[in-house]
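# Coordinate inspection notes
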Amino acid sequence: MIVNGTYDLVLTGGRIHCPDGTLEPGWLAVSGERIGAVGTGTPPAGTHLDLSGAHVVPGFVDIHCHGGGGGSFTSADADQAATAIATHRRHGTTSLVASLVSAPPEELTSQLAALTDLVADGELVGVHLEGPFISRARCGAHDPAVLREPDTEVVGALLEAGRGTIRMVTLAPELAGGIKAIRQLAESGVIAAIGHTDAVAEQVKAAVDAGATVATHLFNGMRPLHHREPGPVGALLDDERVTVELICDLVHVHPDVLRLAARHAGRDRTVLVTDAMAATNVADGMYRLGNLEVRVTDGVATLPDSGSLAGSTLTMDVAFRNLVHGAGLDVADAVAATATRPAQLLGIDAETGSLRPGLLADVVVLDEDLRVAGVLRHGSWLGRPPTRP
């Protein structure tokens, strides 16, 4: 609230990363759940918190996450889902889409039922179905036994089971019925994403013409780029209509390739995702991703038999830091890729994703090394407020 010109909280002295540039030093004032004002010079009255030397950035928006903290969104267990949400919030993710992996439609229906209340309560932004309409040749850590071609009846039944919570579906457009399913999703207001695909470039271009707008973890789970057949990588990266996901753990994609892709796509088309699974922020060991067993060693998740990467143990703060320190991009690029662009993609940018007056006070305070010092969600600190870096 603002009482007699006094704000509930005023963050002062930090580098405030706003849509139009960085205020350095600047201040950000919080009124209730929302950002009341931002500026430079003398800050307004209120409870001041000196963050001199810190970066103040929007809360992260992760559109592709399977779990964390030992909890999995595929478990059909609301408590496990809550554990995963809390884990990622501590690392600055204030808006989260729960991703499910390929499973029979009846299992996906059960998993959706466990997540719909969390979406209704604002704990999750929505749900992403990664499969089962994907290529066996590029299925990665998806159970090949449950993969299927898309058809309008099954797609429609899943959308109905989601009760409006499904925000994105990843599919392989070369499958029979793939283009028709993309049109069906787009007409239903659901993001059609291309991933786990063995398509050639012309098939990908047809899918984008039909309404696909996202590349699911570009490079991973798709036919690689070739100078005589660009495949999904070349077609998706070069199409101005497509936003590309990048898993920025420096394992899934080499730092040089991350830099090349992010620079080519630009701030308007690049989104960092975690693709995190249950082992995130907990110990190495054996875990499950859907129906498959996963081994985590030194934080890298793989299938024991094939060695295929099986999601990640990444958090968005590490992804942010990796893009800057590992791939050599600017903090402004990282802000766009972890908050502004994903919020726009989900259609929640009128509420979150940037530091503008009137938006929710979803804020991450990063120290000079870009490590999380504090997280505000809807104007309230998650844990202790930060101390001056």
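Everything numeric in this text was worked out from a predicted model, so none of it was measured. (Residues numbered from 1 in each chain as written. Predicted model: local features only at pLDDT ≥ 70, side-chain atom pairs only at ≥ 80, totals over all residues. Heavy atoms only, no water.)

So, on to the overall build of the protein chain. Scanning the protein chain from terminus to terminus reveals nine helices and 21 strands. Scaling as 2.2 N^0.38, a compact globule of 389 residues should have a C-alpha radius of gyration of about 21 Å, and the protein chain matches this with 20 Å. On the principal axes, the C-alpha backbone points of the protein chain span a range of 65 × 45 × 40 Å. Relative to its 389 residues, the protein chain shows a buried fraction of 57%. Sequence separation of at least 24 residues holds for 68% of the intrachain contacts in the protein chain that already meet a minimum separation of 6. For the protein chain, the computed accessible surface area is about 14800 Å², with 48% contributed by carbon and sulfur atoms. (Helix = DSSP H or I, 4+ residues; strand = E, 2+ residues; numbered from the N terminus. Rg over C-alpha atoms; globule rule 2.2 N^0.38 Å. Buried < 20%, exposed > 50% of the residue type's maximum accessible area, 1.4 Å probe, protein only. Contact = heavy atoms within 4.5 Å. Areas by Shrake-Rupley, 256 points an atom, 1.4 Å probe, with all protein chains shown as cover.)

Another aspect to go through is the pairing of strand 9 (residues 93-100). With respect to burial, strand 9 is a largely interior element, eight of its eight residues being buried. In the sheet, strand 6 (residues 60-65) pairs with strand 9 via four bridges, with the strands oriented parallel. Looking at the pairing, Phe-60 lines up with Thr-93 of strand 9. Here strand 9 runs beside strand 10 (residues 126-130); their pairing, made up of four bridges, is parallel. Across the sheet, the residue bridging to Ser-99 is His-128, located in strand 10. (Pairing = 2+ DSSP bridges.)

Before going further, it helps to spend a moment on the pattern of salt bridges. For the structure on display, the rule yields twelve salt bridges. Notably, a salt bridge pairs Arg-34 with Glu-351, separated by 2.9 Å at the nearest N-O pair. Here Glu-351 lies in the loop between helix 9 (331-346) and strand 19 (363-366) and Arg-34 lies in strand 3 (residues 34-39), a separation of 317 residues in the sequence. In this structure Arg-34 comes out as partly exposed when scored by relative accessible area, which is 30%. A relative accessible area of 34% means that Glu-351 is categorised as partly exposed. Each of Arg-138, Asp-198 and Arg-223 takes part in one network of salt bridges that share partners. (Salt bridge = Lys/Arg side-chain N within 4 Å of Asp/Glu carboxyl O.)

Two orientations exist for strands paired in a sheet by backbone hydrogen bonds: parallel and antiparallel. Here we have three strands laid out as an open sheet, ordered 16-17-18, and antiparallel in their pairing. For this open sheet the edge positions go to strand 16 (285-289) and strand 18 (300-302), each flanked by a neighbour on one side alone. The mean inter-strand angle of the sheet, taken between neighbouring strand axes irrespective of direction, is 35°. Relative to strand 18, strand 17 (residues 292-297) is paired through three bridges, and the arrangement is antiparallel. By the bridge assignment, Thr-297 is partnered in strand 18 with Val-300. (Axes fitted to C-alpha atoms, helices over the stretch in contact; angles between N-to-C directions.)

An order of 6-9-10-11-12-13-14-15 is seen for the eight strands of this open sheet, with the pairing classed as parallel. The sheet terminates laterally at strand 6 and strand 15 (270-273), the two strands that pair on one side only.

Next up on the list: helix 9. If you check helix 9, its first and last C-alpha atoms are 22 Å apart, about what 16 residues at 1.5 Å a residue would give, namely 22 Å. Residue Ala-337 marks the point of greatest curvature in helix 9, where the axis turns by about 45°. Counting buried residues along helix 9, 13 of its 16 residues qualify, which places the element largely inside the surrounding structure. Following helix 9 by one or two positions, Gly-347 adopts a phi angle in the positive range, close to 75°. (Expected span 1.5 Å × (residues − 1). Bend = angle between axes of the 7 residues up to and from the residue.)

It is worth spelling out helix 4 (residues 178-187) at this point. For helix 4, the complete set of buried residues consists of Gly-178, Ala-181, Ile-182, Gln-184 and Leu-185. Down the axis of helix 4, the buried side of the element spans an arc of 160°, and every buried residue falls inside it. Opposite the buried face of helix 4, at more than 90 degrees from it, the exposed residues are Lys-180 and Glu-187. Those residues of helix 4 that are buried are in contact with helix 3 (152-162), strand 11 (166-171), strand 12 (191-194) and helix 5 (201-210). Two residues or fewer past helix 4, Gly-189 is found with a positive phi of approximately 80°. (Arc of directions from axis to C-beta.)

What follows is about the environment of Gly-21. One can find Gly-21 in strand 2 (residues 21-31). Considering only alpha carbons, one finds Gly-21 and Ala-332, 311 residues apart in sequence, at a separation of 8.0 Å.

Below, the discussion takes up the nonpolar core. Core analysis: the biggest nonpolar cluster contains 88 residues, and Ile-63, Phe-73, Leu-115, Leu-124, Leu-218, Leu-236 and Phe-320 have the highest contact counts within it. Per-element tally for this core: the top contributor is helix 9, with seven residues. With 17 residues, the next largest nonpolar core counts Leu-9, Leu-11, Val-363 and Trp-381 among its residues. (Core = buried A, V, L, I, M, F, W, Y, C linked by side-chain atoms within 4.5 Å.)

It is worth spelling out the packing of aromatic side chains at this point. The description of an aromatic ring pair uses the distance of the two centres, along with the angle that the planes make with each other. A full pass over the atoms with the stated rule returns one aromatic pair. A ring pair is formed by Phe-60 and Phe-320, whose centres lie 5.7 Å apart and whose planes are at 40°; its orientation type is tilted. On the criterion of sequence distance, the pair formed by Phe-60 in strand 6 and Phe-320 in helix 8 (residues 316-326) is long-range, its members being 260 residues apart. Both residues of the pair, Phe-60 and Phe-320, count as buried. (Phe/Tyr/Trp six-rings, centres within 6.5 Å; stacked < 30°, edge-to-face > 60°.)

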